[in-house]
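A structural walkthrough
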Amino acid sequence: MDKIRHLASLQALQALVEVADTGSFTQAAQTLCLTQSAVSRKIQQLESHFGLPMFVRNSRHVRLTPEGEQVLATARTILAQLKTLEDRLAPQKRPFRIRMHVSLAVRWLLPKLSEFYRSHPDVLLSIETVATEVVEPAIDSDAYILYLPAPSADADCLTLFEEALVPVCAPGLASPTRPLQSVEDLVGFALLHRSADKHDWAQWLAANDGKPLENYRHIPFNLDELALDAAARGLGVAMTDLTLAVESIERGVLVIPFGPPLKTRGIYALNLQPSAASHPACRLIMQWFARQTERLPHELR
């Protein structure tokens, strides 16, 4: 049959995009809810259709051929255009998609979602979380929340809260024989870090006349969520943003042993993608997020 009449299938193009993005047939199969052999067959269909290999395969990884790169670029364009058309024709049928760091979702947004759905029961939010330090916008997201080292003047960037670093620990961590009342007492406890670079503790100690980092014992993590849970379990003292810790502080799970919050000029901001404009609930959702900026912890007002 003439290839003009027999076009490559959308499922095969989706498989190509997923394999290219993940570098793995196995991971692509998991994302597409297919078996690995099914994904392989779809790639083989593309290769048969074009009469060219899409990937160079070896035991460790897969790599696109030059021809595969060309097909991939067209596949991305086709799928993006179809998604845009779908959102424009039936935006009310899909949730408003927000991408953010997992710790921000768990520590800041999740406690607020009950109130959101009570106020807006007909609006759905789809929360996609990432564990990487930088939150990259995705083509299928309407908005994303990321950390910026300084305020932004972008009109599509809504500042949710300013970063303010505080030390936190379990209420019973200190004892009469091992007090925790000042910066000097920190040498007797492990410092818990939310990132491998230990930057937050270094910044806070420098601002509070603490000792250099090499004078302390350290337990590093790669997430606020892990560092705060470790602090609540009595492993040491974590350095985190006050807004992310405030619910645990209010519940008595964590306490601030001493010191005022250190404002760093960093912000957490909600940024809109072009696709957001087509969603009928976009303005309502932005208004709700704007109201959350009015509910900051007392220490940040």
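Relevant structure appears above.
Figured I'd write up the structure that's included with this text. Here the residue numbering is sequential within each chain, running from 1 through the sequence in written order. Totals for whole chains, interfaces and linings use all residues, but because this is a predicted model, local features are given only for residues with pLDDT of at least 70 and pairs of side-chain atoms are given and counted only at 80 or more. For side-chain calculations, the full set of non-hydrogen atoms in the structure is used, while hydrogens and water are omitted.

**Observations regarding the overall build of the protein chain**
Cut-off, in case you're wondering: Secondary structure is summarised from DSSP: a helix means a run of H or I of at least four residues, a strand means a run of E of at least two, and numbering begins at the N terminus for each. Categorising residues by exposure relies on relative accessible area from a 1.4 Å probe, with only protein chains included: less than 20% of the type maximum marks a residue as buried, more than 50% marks it as exposed, and the intermediate range marks it as partly exposed. Here a residue-residue contact requires only that any non-hydrogen atoms of the pair lie within 4.5 Å.
Regarding its fold elements, the protein chain presents 9 helices and 10 strands. Principal-axis analysis of the C-alpha atoms places the extent of the protein chain at approximately 85 × 50 × 30 Å. The buried share of the protein chain, taken over its 301 residues, is 42%. The long-range fraction of contacts in the protein chain, counting pairs at least 24 apart against all pairs at least 6 apart in sequence, stands at 76%.

**Remarks on a nonpolar patch on the surface**
Filter applied, for reference: Patches here: salt-bridge-free residues with over 30% relative accessible area, like charges joined within 9 Å, nonpolar side chains (Val, Leu, Ile, Met, Phe, Trp, Tyr) joined within 5 Å. The Shrake-Rupley method, run with a 1.4 Å probe sphere, supplies the accessible areas, and residue values consider only the shown protein chains as cover. Criterion for a salt bridge: a side-chain nitrogen of Lys or Arg within 4 Å of a carboxyl oxygen of Asp or Glu.
Judged by side-chain polarity, Leu10, Leu82 and Leu85 come together as a nonpolar surface patch covering roughly 230 Å² of accessible area. Positionally, Leu10 belongs in helix H1 (residues 10-22). Under the relative-accessibility criterion, Leu10 is labelled partly exposed at 39%.

**A word on the packing of helix H5 (residues 102-119) against helix H7 (residues 224-232)**
Our working definition: Between the N-to-C directions of two axes lies an angle of 0 to 180 degrees, each axis being a line fitted to C-alpha atoms and, for a helix, fitted only over the stretch in contact. The scheme is simple: roughly parallel for angles under 35 degrees, roughly antiparallel for over 145, roughly perpendicular for 65 to 115, oblique for anything else. Residues are grouped as follows: Ala, Val, Leu, Ile, Met, Phe, Trp, Tyr, Cys and Pro are nonpolar; Asp, Glu, Lys and Arg are charged; every other residue, Gly included, is polar.
At a minimum axis separation of 8 Å, H5 and H7 run at an interaxial angle of 55°. In terms of their interaxial angle, H5 and H7 are classed as oblique. Taken together, the residues of H7 that come into contact with H5 (itself represented by Ser103, Val106 and Arg107) are Asp224, Glu225, Leu228 and Asp229. Broken down by class, the residue content of the contact of H5 with H7 amounts to 2 nonpolar, 1 polar and 4 charged.

**Thoughts on the sheet that holds strand S5 (residues 143-148)**
We apply this condition: Two strands pair if DSSP finds at least two bridges between them.
If you walk across this open sheet you meet the 8 strands as S4-S3-S5-S10-S6-S9-S7-S8, and the pairing is mixed. Across the chains shown, the open sheet's two edge strands, defined by having one partner strand only, are strand S4 (125-130) and strand S8 (217-220). Within this sheet the neighbouring strands show an average axis-to-axis angle of 25°, counted without direction. Taken together, the 6 bridges between strand S3 (residues 96-101) and S4 define a ladder with parallel strand orientation. Its bridge partner lying in S4, Met100 is registered against Thr129. The strands that helix H6 (residues 199-207) touches are strand S6 (157-168), strand S7 (190-193), strand S9 (237-241) and strand S10 (262-272); relative to S6, the one it contacts most, it runs at about 70°.

**Quick notes on the pairing of S9**
The two faces of a sheet get side chains in turn, since along a regular strand they alternate between them. For S9, a buried count of 5 out of 5 residues is recorded, marking the element as mostly surrounded by other parts of the structure. Across 4 bridges, the pairing between S6 and S9 is antiparallel. Looking across to S9, one finds that Pro167 is bridged to Met239. Of the pairings in the sheet, the one linking S7 to S9 comprises 2 bridges and is parallel in character. Paired with Leu191 across the two strands is Val237, which belongs to S9.

**What to know about the pairing of S5**
Of all 6 residues making up S5, 5 are buried, and the element is well covered by its neighbours. Where S3 lies against S5, 2 bridges are found, and the strand directions are parallel. When the bridges of S5 are listed, Arg99 appears paired with Tyr144. Of the strand pairs in this sheet, S5 and S10 are connected by 6 bridges, and their pairing is antiparallel. Its bridge partner being in S10, Ala143 is matched across the sheet by Leu272.

**Description of the state of the cysteines**
Applied cut-off: Throughout, a disulfide means two cysteine sulfur atoms within 2.5 Å of one another.
One pass over the full model with this rule turns up 0 disulfides. Lacking any disulfide linkage, Cys157 is separated from the closest cysteine sulfur, that of Cys282, by 14 Å. Overall, the relative accessible area of 12% leaves Cys157 in the buried class. We classify Cys282 as buried; its relative accessible area is 10%.

**Observations regarding the packing of aromatic side chains**
Definition in use: Think of it this way: a Phe, Tyr or Trp ring, Trp meaning its six-membered ring, pairs with another when their centres are within 6.5 Å, and the plane angle makes it stacked under 30 degrees, edge-to-face over 60, tilted otherwise.
Here the structure, examined in full by the defined rule, presents 10 aromatic pairs. Ring centres of Phe25 and Phe55 lie 6.0 Å apart, and the angle between their planes is 65°; this geometry places the pair in the edge-to-face category. Placement of the pair is Phe25 in helix H2 (residues 25-32) and Phe55 in strand S1 (residues 55-57), with a sequence separation of 30 residues. Seen in terms of ring centroids, Phe116 and Trp288 are 5.0 Å apart; in terms of plane orientation they differ by 80°. Their pairing is edge-to-face. Highlighted residues: Phe116 in helix H5 and Trp288 in helix H9 (residues 282-292), separated in sequence by 172 residues. A network of ring pairs unites the aromatic residues Trp108, Phe116, Tyr117, Tyr147, Phe161, Tyr268, Trp288 and Phe289 as a single cluster.

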